[in-house]
Amino acid sequence: MAQITPRGGTISGVSSIVQLDAWNWKDALIKENDGIHMNFPPTMKRSGWWAEPGAIEANKDYVKKIGEITMFFENSRAYSAAVPSEQNLVFDAMKGIFAGNQTLFIHAQEEKQIIDAVQLAKQFGIKKMVIVGGYDAYKTADLLKENAIGVLLRNVHDMPNREDEDVDLPYKMARILLSKGIVVGLENSGGMERMQTRNLPFLAGTCAAYGIDKEQALQLITSNTAKILGIDDFCGTLEQGKDATLFISEGDALDMRTNQLTEIFIQGRKLNLETHQTKLNAKYK
């Protein structure tokens, strides 16, 4: 299962959740228009180009950008509360987050970004919010817990962002947040994400190697993610009455040395695991 998510700009657009055994988008759809995605402005900018590190300096436009976002949310809320004389498709798309039936996904890494994003949500009475990325989320854990905000951590197989940080910090991030009572899931956006999707269970395995037990690690890519996406009433755990979307592995599924999938089911349908590679393997054996 996947959340298909727009990107780019400040307000990127609306996402939907799908299952990946389908002939067309209507068959794939599980939850349509589940949330609005917003890229929060960075507080700092790097002046270097690509491999050149350059200098890190304050984003001089940060306050201006926050003012523009605040004005956009004020206009969107006013539009949602009124009977408009003309339709505005952009404001129409925002109605769900004010009504409480959609989630506001804030893509942010820095401490100040996260704090300002939470304050923005509180200012406009937004009931459902999730931090995506959340590199500094552990610094704002009390604020996130107080407001019941979950975190989707970006690729934990990464280097620290700052040279004075523990080299293992990305690996420990899930443990730190879980210990502070935050609901944590893992996500895989970024460079080469389509290819890297296969490594999602191993991201959870790394989190297990750095301080959480295997059951908690598995929850990072199953039940916790389902809770964050608001679909845990019908998936995310093995329970009677829920969709039979699951896999069976001969060994530890979170360890690349023993991850040997033998069966996969999506909504009770058994998937054929034969691929071009398995056909070649059988042929040349």
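For the structure itself, look to the data block above.
This write-up is about the structure you can find in this document.

Conventions we followed
Each chain has its residues counted from 1, running along the sequence as written. Per-residue local features of the predicted model are confined to residues with pLDDT of at least 70, and side-chain atom pairs are confined, for both listing and counting, to 80 or more; whole-chain, interface and lining totals are unaffected and use all residues. Side-chain metrics rest on all non-hydrogen atoms present in the structure, leaving aside hydrogens and water. We define a nonpolar core as any set of buried Ala, Val, Leu, Ile, Met, Phe, Trp, Tyr and Cys residues linked to one another through side-chain atoms lying within 4.5 Å. Note on exposure labels: buried denotes an accessible area under 20% of the residue type's maximum, exposed denotes more than 50%, and partly exposed covers the range between, all computed with a 1.4 Å probe on protein chains only. Numbering of helices and strands runs from the N terminus; a helix is a DSSP stretch of H or I covering at least four residues, while a strand is a stretch of E covering at least two. Pairs of residues are marked as contacts when any of their non-hydrogen atoms sit within 4.5 Å. Here is the rule: rings of Phe, Tyr and Trp (six-membered ring for Trp) pair when centre to centre is within 6.5 Å. Planes less than 30 degrees apart are stacked, more than 60 are edge-to-face, and the remainder are tilted. Cavity and pocket criteria rest on a 1 Å grid covering protein atoms alone: a 1.4 Å probe that fits but cannot get out defines a cavity, protein on both sides within 12 Å along at least 5 of 7 lines defines an open pocket, and an atom within 4 Å of a point defines a lining residue. Grid points are joined across faces, edges and corners, and a volume is the space filled by probe spheres set on the points. In this count, Pro and Cys sit with the nonpolar residues alongside Ala, Val, Leu, Ile, Met, Phe, Trp and Tyr, while Asp, Glu, Lys and Arg are called charged and the others, Gly among them, polar. One requirement defines pairing of two strands: DSSP has to find at least two bridges between them. Seen with its strands pointing away from the viewer, a crossover is right-handed when the path leading from the first strand over the helix to the second is clockwise. A 3.5 Å cut-off defines polar contacts: any pair of N or O atoms within that distance qualifies, except that in protein one atom must be a possible hydrogen donor and the other a possible acceptor, and neighbouring residues in sequence count only when both atoms are side-chain atoms.

Here the focus is the nonpolar core. With 51 residues, the main nonpolar core has Phe40, Phe73, Ile106, Leu144, Leu153 and Leu177 as its most contacted residues. Broken down by element, this core gets its largest block of residues, six residues, from helix H2 (residues 62-81). Ignoring any residue separated from it by four or fewer positions in sequence, one finds isoleucine 106 in contact with Met38, Phe40, Ala117, Met129, Val130, Ile131 and Val132. Counting ten residues, the second-largest nonpolar core is a separate cluster that includes Ile17, Phe105, Leu229 and Cys235.

A word on the packing of aromatic side chains. Scanning the model with the defined rule gives six aromatic pairs in all. Taking 6.0 Å as the distance between ring centres and 85° as the angle between the ring planes, the aromatic pair formed by phenylalanine 72 and phenylalanine 73 counts as edge-to-face. Each of the two residues, phenylalanine 72 as well as phenylalanine 73, counts as buried. Their ring planes at 50° and their centres at 5.7 Å tell us that phenylalanine 72 and phenylalanine 91 sit as a pair that is tilted. One end of the pair, phenylalanine 72, is in helix H2; the other, phenylalanine 91, is in helix H3 (residues 89-99), with 19 residues separating them in the sequence. Here the aromatic residues Phe72, Phe73, Tyr79, Phe91, Phe98 and Phe124 are joined through ring pairs into a cluster of three or more.

The subject of this paragraph is the layout of surface pockets. Of the volumes computed, that of the second largest pocket is approximately 590 Å³. Lining the second largest pocket are 23 residues; nearest its centre among them are Gln109, Tyr135, Pro160, Asn161 and Arg162. When residues of the lining of the second largest pocket are traced back to their parent elements, those giving at least two are strand E4 (44-46) and helix H6 (169-179). Per-element tally for the lining of the second largest pocket: the top contributor is E4, with three residues. Residues that form the lining of the second largest pocket fall into these classes: nine nonpolar, five polar and nine charged.

Burial along strand E8 (residues 150-153) is two-sided: Gly150 and Leu152 facing one way and Val151 and Leu153 facing the other are all buried. In this sheet, E8 lies alongside strand E7 (residues 129-133) in parallel orientation, the contact comprising four bridges. Opposite valine 132, over in E8, you have leucine 152 as the bridge partner. The handedness of the E7 to E8 crossover, carried by helix H5 (residues 141-146), is right-handed. Judged from the three bridges that link them, E8 and strand E9 (residues 184-186) form a sheet pairing that is parallel. Directly across from leucine 152, in E9, lies its bridge partner glycine 185. For the crossover that starts at E8, traverses H6 and ends in the parallel E9, the hand is right-handed.

This brings us to the side chain of serine 16. With respect to the helices, strands and loops of the structure, serine 16 is situated in strand E2 (residues 11-18). At a separation of 2.9 Å, a polar atom in the side chain of serine 16 contacts the main-chain amide nitrogen of asparagine 33. In this view, serine 16 contacts Ala2, Gln3, Ile4, Leu29, Lys31, Glu32, Asn33 and Asp34; residues no more than four positions away in its chain are not counted.

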